[in-house]
Amino acid sequence: MQKISIDRELNSTSATIIWNMVSTPEGMTRWLADSVTQNGDSLTFTWGSPYDHHEKRTATILQKKKNSSIRFAWDDEDGMDTFVEIKIDRSPLTGEFMLHITDFTSPEDREWLFDTWAHNFRRLRRSCGI
């Protein structure tokens, strides 16, 4: 597996709004999946309609630092070396908030994963303007 890192500047000065978008099921539903639910440290992501193409994946929250980062691992992937981390940081140059994404992929899925994250960022901007 290859580690990828993606940085995006956000159009928001509110750490609370950004944190809610990256760390709550309601926020994640607006940009990461069609539906996200949480039960304890378990997250369930659903894409598509149950009556059409439908994909569901579960993940376990490994670490959550309020107003800073969330890290989770997909339950269907082996080993604890892979995870998804969404980290909030403030750019020292512009003062704007940044999202730092760390994710892992196989070499043949690398481009697909970058495209998926680009799509997620477009959804984030469209749904809440950040």
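I will try to describe carefully the structure that is included in this document.

Calculation rules
Every chain's residues receive numbers from 1 upward, in the order its sequence appears when written. Per-residue local features are limited, in this predicted model, to residues with pLDDT of at least 70; the limit for side-chain atom pairs, both in listing and counting, is 80 or more; totals at the level of whole chains, interfaces and linings are taken over all residues. To get the side-chain values, all heavy atoms of the structure are used, and hydrogens and water are removed first. Type-normalised accessible area, obtained with a 1.4 Å probe on protein chains alone, sets the label of each residue: buried when under 20%, exposed when over 50%, and partly exposed for intermediate values. A helix here means a DSSP run of H or I that spans at least four residues, while a strand means a run of E at least two residues long, and both kinds are numbered starting from the N terminus. Here, residues are in contact when the closest pair of their heavy atoms is within 4.5 Å. For two strands to be treated as a pair, DSSP must find at least two bridges joining them. Every case where a carboxyl oxygen of Asp or Glu lies within 4 Å of a side-chain nitrogen of Lys or Arg is listed as a salt bridge.

**Digging into helix H1 (residues 15-23)**
Among the residues making up H1, those that are buried are Ile18, Trp19, Met21, Val22 and Ser23. Those residues of H1 that are buried are in contact with helix H2 (25-29), strand E4 (54-65), strand E5 (69-74), strand E6 (84-90), strand E7 (97-105) and helix H3 (110-128).

**Structural notes on unusual backbone geometry**
Even without being glycine, Asn67 reaches a positive phi, approximately 60 degrees. Position of Asn67 relative to the elements: it lies in the loop between E4 and E5. Using a relative accessible area of 35% as the deciding quantity, one classes Asn67 as partly exposed.

**Examining the pairing of strand E3 (residues 42-48)**
Of the pairings in the sheet, the one linking strand E2 (residues 35-39) to E3 comprises 5 bridges and is antiparallel in character. Counted as the bridge partner of Val36 is Phe45 from E3. Hairpin geometry of E2 and E3 is characterised by an intervening segment of 2 residues between the two adjacent antiparallel strands and by a positive phi of about 65 degrees at Gly40. One ladder, built from 7 bridges, connects E3 with E4; its direction is antiparallel. For Ser42, the partnering residue across the bridge sits in E4 and is Thr60.

**Focus: the pattern of salt bridges**
Overall, the coordinates contain 3 salt bridges when judged by the stated rule. A salt bridge links Arg57 to Asp76; the nearest nitrogen and oxygen atoms lie 2.8 Å apart. One end of the pair, Arg57, is in strand E4; the other, Asp76, is in the loop between E5 and E6, with 19 residues separating them in the sequence. Looking at Arg57, the relative accessible area reads 18%, which means it is buried. Note that Arg71 and Glu85 form a salt bridge whose closest N and O atoms lie 3.2 Å from each other. Of this pair, Arg71 sits in strand E5 while Glu85 sits in strand E6, placing them 14 residues apart in sequence. Arg71 gets classed as partly exposed once you look at its relative accessible area, which sits at 24%. Glu85 sits in the buried class, given a relative accessible area of 12%. Linked by salt bridges that have partners in common, Arg57, Asp76 and Glu77 make up one network.

Scope: geometric values only; no functional claims are made or implied.
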